[in-house]
Amino acid sequence: MTAAATLKAWTGAALAAPVVWLASIVNVPLKFWQRATGTGGMAAFFLAPNMAIFGIFVLVPMIINFFYSATSGTAYFLQDRTYVGLEQYQRLLDCGNYLDTATCHEDLFWKAVHNTGLFVVVQVALMTVVSMATALILNREIVGRSFWRAVFFFPVLLSPVVTGLIWRWILQRQGLLNLIVHDLGGEPHNWLTDRFWAFTAAVSVSVWAHMGFYTLILLAGLQAIPRDLYEAAEMDGTKPARVFWRITLPLLMPNLLVVIVLTLIRAVQIFDEVYVLTGGGPGTSTLYITQYIYEIGFASLLRNPGLASAASILMGLVLVVLTLVQLQVGRRGERKGARE
Amino acid sequence: MNKTRTLLAALSVSLLASTSAFAGDVRIMWYSDGVEGDVIQDILNRFMKDNPDIHVTLDNVAYKVIQEQLPIQLEAGQGPDIARVTNIKELAQHWLDLRPLVADPKYWEANFADTLDWMRPDGSNAIPGFMTQLTLTGGFANKTLFEQAGVPLPGDKATWDDWIAAAAEVAKSQQLPAAFAIDRSGHRISGPNVSFGANYIGSDGMPAKVDDGTKAFVGKLVDWTAKGLMLKDTWVSAAGSTYRAAADDFINAQIPFYYSGSWQVANLSTKIGDSFDWVATGSPCGTAGCSGVKGGAALVAIKYTKNPKDVAKVMDYLAREDVVKEFSERTLFLPAHKGVVDKGGLKWVSADKNVGPALDKFVKAAGETMPAADALPPWKWANAYFAALVTRVSQVMAGELSLDEAWGRIDQDIADKVAEAK
């Protein structure tokens, strides 16, 4: 053995020594635990720290939030608040016609629900199509493929607040876009005070900011599809569109469903970049449900923590239902795929 | 065994030390609009030199922290020892009564009597602190733009209609995007509302329904926005009660007339420099008067402090007449100290020729506010009224509600808030 190899071995042993020592200490109770509880107990042992953190930071706040939603008052401590049962929920759901916010007691809540619904439909569809198209392009042998992948992923690394600010500077009345429009001889437009354009901006910025992540998921799915299927289709002279519909799309379905579920959940929770970009305006046309909860819980001078908690629980229920539906659809798709 | 005991004792001491303030430590939570953070630090350094047994830490935070995080800390019985706040009345139950702690309570009563009610619970005679600045809402005009357009500045008793007509003429002549803007704030439109005869407070001290005075001015404001005379961005491009100032549009000479308040003087001076001349105009007149609304930021002691005696010493020092005078002169803030105001002769520390006359104008206008406006700062429900106004009026401007629908919603929002607080 050379001197260098000896030194390397000694260094390795020295570094490993504390770990070996610790393992020897832990080993005794672990062996006892495994004998007593079997492999199920070992799984519980290793999962326990994670579950404890999840419990403290997610489960317990959720339960506390539920209690908050059954109270009223301006105090923040539960013991200082008045128990009102389901009154906050009744107030939120008090509506003559759920499609007409003017008939609702909490009209802003229902405005936010309607706006979120529209945003989810448009954004999820656009995000899925754009991510898919980008993934298909980036999966081809194009010049500078790695560069383009990095370019599309870069916005994901930005903080949502930074994303919102950048686009606000571009779209505001004295922003970059209007400067370009003006220089080209056009009439500058107040993009962020126009309901249509503010909504379009909110959707587009959100897609721009997150599509890199979903593209990556789809790209991984595309690369997992066996090449021989495409080669066989090529030999049969199958048209590219048919290849996409009959090979790519069915085999990409599990990844696509993941993308749709994640996009859907993220779209329902949309807040930060749109809050910075439009502030929920013009009027309340880009006021989404999370902003409503934030405003009514913390920011507004009309703050009402009980109402905000009730709204967040309703939103949570919707998210749970949506996720279950999506998972059910996914399972059916997988079963169908397996049968075929 | 002894070793274990020693270790446990050391651990307990370090834990206690990490969770409680040392005697002599005073923390101040402070936010700044301009240079006041530097000025107060300078004054506190002098205080610490004279009082070496007291160490004052100034935590400079964003205004949002004061608005959103401090109330939660206070609810938890925590927070700093002293804080600079604007939500003075609503959080009054958390302020420390300095009456038994300050050197001379009579001095405090004599000099801050007008504003003590703003910061203590109704019916209390507590001395929780003092106003670091008195503010008054009012207008600013870009004198240079008016001169370039050949439009004379409306006079002292000019009405809102006069001002908007003149500003519209300037905007047209100078090809500006709008004639004027008002900050997106319920507080800011309350002076004009009162000038048109509005009274938010019912005979029982509770919020009154939206009256004809409010309807008159808000109706005009919505109309001016629809006609493009008021800059649409400020009010329309946000939801809820989010605050938006239009100062940058005035600073960038995009509007010839801007309605905000005295706290903007330092900001305008710093950012406009010698780009153009500007003047404070006071509040334009309505049908009932020409009033702005007073307000300001208070420095209050927090009742959860571990060092109330040291806190009182700091407060006594900062409330001294000479210190208040120096603070006001250097920050360009209107003082709330009666002695300083009565003696006059404030030497505003600014080389900007626009600053002195502007501040003098606000000092003069502060004596001309209407009773309905003066009743707002110490009124518990003022913030609820302001928030409902700004939320609903901006919806009208965005075309989501009619004015009639807005009145109903404002009344309902305020009633809900009152019911929630019971």
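Residues numbered from 1 in each chain as written. Chains lettered and ligands numbered in written order. Predicted model: local features only at pLDDT ≥ 70, side-chain atom pairs only at ≥ 80, totals over all residues. Heavy atoms only, no water.

Focus on the overall build of chain A
Stage number 1. In terms of regular secondary structure, chain A is built from 12 helices and two strands.
Stage number 2. Across chain A, helices and strands are ordered from the amino to the carboxyl terminus as α-β-β-α-α-α-α-α-α-α-α-α-α-α.
Stage number 3. At 27 Å, chain A has a C-alpha radius of gyration far larger than the 20 Å of a compact globule built from 340 residues.
Stage number 4. Burial status across chain A gives 39% buried among its 340 residues.
Stage number 5. Contacts in chain A between residues far apart in sequence, at least 24 positions, make up 60% of those at least 6 positions apart.
Stage number 6. Surface summary for chain A: the accessible area is close to 19500 Å², and the carbon and sulfur share equals 71%.
Stage number 7. Positive and negative side-chain charges of chain A, numbering 23 and 19 respectively, have mean locations separated by a distance of 10 Å. (Helix = DSSP H or I, 4+ residues; strand = E, 2+ residues; numbered from the N terminus. Rg over C-alpha atoms; globule rule 2.2 N^0.38 Å. Buried < 20%, exposed > 50% of the residue type's maximum accessible area, 1.4 Å probe, protein only. Contact = heavy atoms within 4.5 Å. Areas by Shrake-Rupley, 256 points an atom, 1.4 Å probe, with all protein chains shown as cover. Lys, Arg positive; Asp, Glu negative; His and termini not counted. Charge placed at Lys NZ, Arg CZ, Asp CG, Glu CD.)

Brief notes about the confidence of the model for chain B
Stage number 1. Across chain B, pLDDT averages 91, with 95% of residues at or above 70.
Stage number 2. In this model residues 6–20 of chain B is a low-confidence stretch, pLDDT under 50, and it forms one contact with partners more than four residues away in sequence or in other chains. (pLDDT = per-residue confidence, 0-100.)

With respect to the state of the cysteines
Stage number 1. Using the criterion set out here, one finds two disulfides over all chains in the structure.
Stage number 2. Disulfide partner of Cys-95 of chain A: Cys-104 of chain A, at an S-S distance of 1.6 Å. Taken individually, Cys-95 of chain A and Cys-104 of chain A each receive the classification buried, so the pair is uniform in this respect.
Stage number 3. For Cys-285 of chain B, the disulfide goes to Cys-290 of chain B, at an S-S distance of 1.9 Å. Between Cys-285 of chain B and Cys-290 of chain B, the S-S torsion sits near 90°, and that sign places the bridge as right-handed.
Stage number 4. With a relative accessible area of 5%, Cys-285 of chain B lands in the buried category. (Disulfide = S-S within 2.5 Å.)

A short note on the domain arrangement of chain B
All names here are of chain B.
Stage number 1. One can read the domain layout of chain B as domain 1 (22–134 + 295–343) and domain 2 (136–294 + 371–421).
Stage number 2. Look at where the C-alpha atoms of domain 1 and domain 2 centre, and you get two points 29 Å apart.
Stage number 3. Carbon and sulfur atoms make up 62% of the surface buried where domain 1 meets domain 2, a total of about 1000 Å² over both sides.
Stage number 4. There are zero salt bridges connecting domain 1 and domain 2.
Stage number 5. Our count for the domain 1 to domain 2 interface comes out at three residue pairs in polar contact (both at pLDDT 80 or more).
Stage number 6. Of the residues contributing to the side of domain 1 that touches domain 2, the split by class is four nonpolar, four polar and four charged. (Domains from an automatic or database assignment. Buried area = accessible area lost by both parts, 1.4 Å probe. Salt bridge = Lys/Arg side-chain N within 4 Å of Asp/Glu carboxyl O. Polar contact = N/O pair within 3.5 Å; in protein donor to acceptor, adjacent residues only side chain to side chain. Nonpolar A, V, L, I, M, F, W, Y, C, P; charged D, E, K, R; others polar.)

Regarding the pairing of strand β1 (residues 25–30) of chain B
Stage number 1. Here β1 of chain B pairs with strand β2 (residues 55–60) of chain B via six bridges, running parallel. Residue pairing across strands places Val-26 of chain B opposite Val-56 of chain B, the latter belonging to β2 of chain B. (Pairing = 2+ DSSP bridges.)

Details of the nonpolar core
Residues and elements named next belong to chain B.
Stage number 1. One finds Ile-28, Trp-95, Leu-98, Trp-278, Val-314 and Leu-318 to be the most contacted residues of the largest nonpolar core, which totals 84 residues.
Stage number 2. Other than its neighbours up to four places away in sequence, Ile-28 contacts Leu-44, Val-56, Thr-57, Leu-58, Asp-59, Ile-82, Leu-299 and Val-314.
Stage number 3. Counting residues in each nonpolar core, the second largest holds 60 residues, with Val-170, Phe-217, Trp-379 and Val-396 among its members. (Core = buried A, V, L, I, M, F, W, Y, C linked by side-chain atoms within 4.5 Å.)

A closer look at the interface of chain B and chain A
Stage number 1. Counting residues at the interface gives 39 residues for chain B and 44 residues for chain A.
Stage number 2. For the pair chain B and chain A, the interface holds seven salt bridges.
Stage number 3. For Arg-91 of chain A, the salt bridge identified is with Asp-416 of chain B, shortest N-O distance 3.5 Å.
Stage number 4. Applying the counting criterion to the chain B and chain A interface returns 23 residue pairs in polar contact (both at pLDDT 80 or more).
Stage number 5. When contributions to the side of chain B that touches chain A are tallied by element, the ones reaching two or more residues are α3 (63–75), α9 (232–236), α17 (382–397) and α18 (403–421) of chain B.
Stage number 6. At eight residues, the largest contribution of residues to the side of chain B that touches chain A is made by α17 of chain B.
Stage number 7. Here the side of chain B that touches chain A is composed, by residue class, of 13 nonpolar, 12 polar and 14 charged.

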